[in-house]
Amino acid sequence: MLARAAGPVGARRPPVVPLALVLLAAVGSRGGVPPPAGPIRLIRPPPDSASTAGLARAQLRGESRYVLSGHPTVTLRSREEITLPDASELTVPVELPAALAGRDVRLDASVSVRDPAVPANTLSDLRSGARLTISAAPLVKRSGAAGDRALVVPLSPALRTRQALLTVIARPLPSAAVERFETNEADIPAGARLVFGYGVEEPGWGDGWPPVRFRVSAGELTLFERRIDPAADPRARRWFDASVDLDPLAGRRVRLVFETEALGAAPGATVDRSFGVVSNPEIVTAAASPPGARNVVLVSLDTLRARSVSAYGCPRATTPTFDRRVAAAGALVRSAVAPVPFTPPSHMTMLTGLEPCAHGVMGLHETLAPDRTTLAEALRAAGYQTAAFTEDAYLVAGNGFDRGFDVYRENRSEESASPGFADETFADASAWLAAHGERPFFLFVHTYQVHEPYTPPRGYALLFRDGDQGDQNQRALANYEREVRYTDDVLADFLGVLDAHGLAERTILIVTSDHGEGFGEHFWSGHGFDLHDEALLVPLAVRAPGLVPAGRVVEEQVGLVDLTPTVLDLVGLPPLPDVQGHSFGRLLTGRGAAFEEQPVVSTALTKSESVRTRRSAYITTPKGDLFYDLVADPFETRDRLGKDPAGVKTARAVLEAAHRTCAWGQAHPPAAAPAGTPGAEPGWLINREEIERKLRSLGYVH
């Protein structure tokens, strides 16, 4: 796709690897609406594939983007358990693997140890105690340099002889100060602009690292040039975005050349390389998208159960915005069922149309196989701008959740008292909307705001005072629903941004959740282990003016596995390969293929399973099976296992069939990632301390 070379700017041009600059397949909405004008993307998957698994990414300030070329990190030692010496420093010798032989490499080491300043008088203290991360000064190891050099971690007296976790990371430096990327020849249409991002990755921010110059040219014509110095100016430690007028090239066939140059001769620079990156370059025509081209916004309010939403019968006024501006303005799905009451597998099912046994992402340790395709990848391949704004913990970019998203931002605030940052996350999404609403887009927004611990912000703590008089579960529920109300108000502000920019009328808006939450209704509190409706039923509403009639109510049961095929159906794209979900678009619009309602099989972290229809629920547990008549007993209070043998037999047959279907993964094994594929190593290895800090606040890590 791109030819890459390193060397002086005036050096002979490298051989060019042809880059097919093709207007991407366009996408339209229902009713024969013309497709939107597509960009000419300069970073895209190989022909005949939408999978972006092999494309390089770079992350700055928690925001990951596709780049012309990244600088992959190699983890040499990952959280290795050690005992710190009784000395003022820890010396860490480094032996590079054969794959890094002959390379100049930046080396980093850090140790993580429990903070001795935090009380540890009780088991609860030990579980909740903070950890300190102490880092060595980075070391640049030159190829062929004489002698071995080691990393040195300073140790205060309070840390000596303590148990610690050691991590050592290597990052190869570019082979020369200048990196050049040249496109194939392309015809530049009138009114076109070149849009792209640029920045310096974090290892290039420290003292002694040089400024970086970015340059874009066509022949002898310089189109863009900018110098940034993140080592000297903290304001330069971020992504920058550029938009370059290509009218001087209109009607010509040219090659575009992107260059990054480390200015090692600059005052204060002691290193002659750096980590400059160029993100998401596209040639965009000035023509507006045709009328009727629809955007897609998917909002996931993590841990929001349907039972605590006003539109589903909650007696408290928890969700006036969701009720009035989403559900009443579009369609409300009465029964939407999660596949697992746990964040990673449920969201990956939501974003792929695959059951957990097929996508395989159950927690932090699994990565989506390269040949699986996501909703974002399908929409990106069809010309959509794609962006996601989430909060770190379980939607870890490197595990495949970033696949297909041109921009993937993870909010990594360290405030542990409240794990959710809805206001900040939706503000980031709103800012992106304001800058990108002129072309069709897919925007995914995810917040942990209503997740445990339930700490409603000031101004909301006095709502729903009736709950304060109950038991521990009732008090927790009241705080949870106060958080729900706060999140609903944040959602209102976000919808106001859609309105203010004139986007609401041409946007398919979906608001849902990944799973629910229990408050002692069936002995369990929280989620992950129980399969009753408080854990499995989630809100789901779809608003699409002119496409989904206002006030529609969908009585048929759907699963989150059906969401991706439904979105693709609504925008007029074919389903993904090997998809397991089914579009319920006809239930929303009244048009299209019929939807055949199916029982939904769900699994808990305890390996319990359930089979749910609109009329009944069958649950297996370690202590025995349960069967409920949901028509007569919607809150699942009376077990009918021995009173409805026919219903139980049918449910067990469905479960056995699901087990056979799970062999789908054997019939469609994921292709192995090629050696060196970016993202093949779980992304959380690089920032695991940050991830575990958030997981601790969520109650998952002790």
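Residues numbered from 1 in each chain as written. Predicted model: local features only at pLDDT ≥ 70, side-chain atom pairs only at ≥ 80, totals over all residues. Heavy atoms only, no water.

Enquirer: I'm lost on the sheet that holds strand β14 (residues 193-200) in this one. Help?
Expert: Sheets are built from strands that pair by backbone hydrogen bonding, the pairs being arranged parallel or antiparallel. Here we have 4 strands laid out as an open sheet, ordered β2-β20-β14-β17, and antiparallel in their pairing. With partners counted over all chains shown, the strands left at the sheet margins are β2 (40-41) and β17 (240-245), one partner each. As judged from the 2 bridges shared by β2 and strand β20 (residues 276-284), these two strands associate in the antiparallel manner. Within β20, the position partnered with Arg-41 by the bridge is Glu-282. (Pairing = 2+ DSSP bridges. Helix = DSSP H or I, 4+ residues; strand = E, 2+ residues; numbered from the N terminus.)

Enquirer: Teacher, can you tell me more about the packing of aromatic side chains here?
Expert: For any pair of aromatic rings, geometry is given as the distance between the ring centres together with the angle between the planes. Under the definition given, this model contains 19 aromatic pairs. When the centroid spacing of 5.6 Å and the interplanar angle of 40° are considered together, the rings of Trp-209 and Phe-275 count as tilted. Remark: Phe-275 occurs in the loop between β19 (257-262) and β20 and Trp-209 occurs in the loop between β14 and β15 (212-218); sequence separation between them is 66 residues. Each member of the pair, Trp-209 together with Phe-275, is buried. Plain terms: the ring middles of Tyr-454 and Tyr-480 are 5.7 Å apart, the flat faces sit at 85° to each other, and that makes the pair edge-to-face. Taken as a pair, Tyr-454 in the loop between β25 (441-447) and α7 (472-500) and Tyr-480 in helix α7 lie far apart in primary sequence, 26 residues in all. Since its relative accessible area comes to 15%, Tyr-454 is described here as buried. With a relative accessible area of 0%, Tyr-480 lands in the buried category. Here the aromatic cluster, defined as three or more aromatic residues joined through ring pairs, consists of Phe-196, Tyr-198, Phe-214, Phe-224, Phe-240 and Phe-258. The ring of Phe-275 has Arg-171 lying over it, and the distance from NZ or CZ to the ring centre is 5.7 Å. (Phe/Tyr/Trp six-rings, centres within 6.5 Å; stacked < 30°, edge-to-face > 60°. Buried < 20%, exposed > 50% of the residue type's maximum accessible area, 1.4 Å probe, protein only. Lys NZ or Arg CZ within 6 Å of the ring centre and 35° of its normal.)

Enquirer: Looking at this model, I keep getting lost on unusual backbone geometry. Mind explaining?
Expert: Of note, the amide linkage connecting Glu-452 to Pro-453 takes the cis form, showing an omega dihedral of 0°. Position of Pro-453 among the secondary structure elements: in the loop between β25 and α7. One non-glycine residue, Thr-303, lies in the positive phi region at around 75°. Within the secondary structure, Thr-303 sits in the loop between β21 (295-301) and α2 (320-327). Look at Phe-464: it is not a glycine, yet its phi comes out positive at around 55°. Position of Phe-464 among the secondary structure elements: in the loop between β25 and α7. You can call Phe-464 buried: its relative accessible area is 14%.

Enquirer: So what exactly am I meant to see when it comes to the pattern of salt bridges here?
Expert: Side chains that differ in charge, positive against negative, can pair when their charged atoms come close. Applying the stated criterion across every chain yields a total of 35 salt bridges. Between Asp-402 and Arg-57 there is a salt bridge, and its shortest N-O distance comes to 3.3 Å. Note that Asp-402 is positioned in the loop between β23 (385-391) and β24 (407-411) and Arg-57 in strand β3 (residues 57-60), a separation of 345 residues in sequence. Given a relative accessible area of 10%, Asp-402 falls into the buried group. Exposure remark for Arg-57: the relative accessible area of 18% places this residue in the buried category. Between Asp-533 and Arg-612 there is a salt bridge, and its shortest N-O distance comes to 2.8 Å. Of this pair, Asp-533 sits in helix α8 (residues 533-536) while Arg-612 sits in strand β33 (residues 609-612), and the two are 79 residues apart along the sequence. (Salt bridge = Lys/Arg side-chain N within 4 Å of Asp/Glu carboxyl O.)

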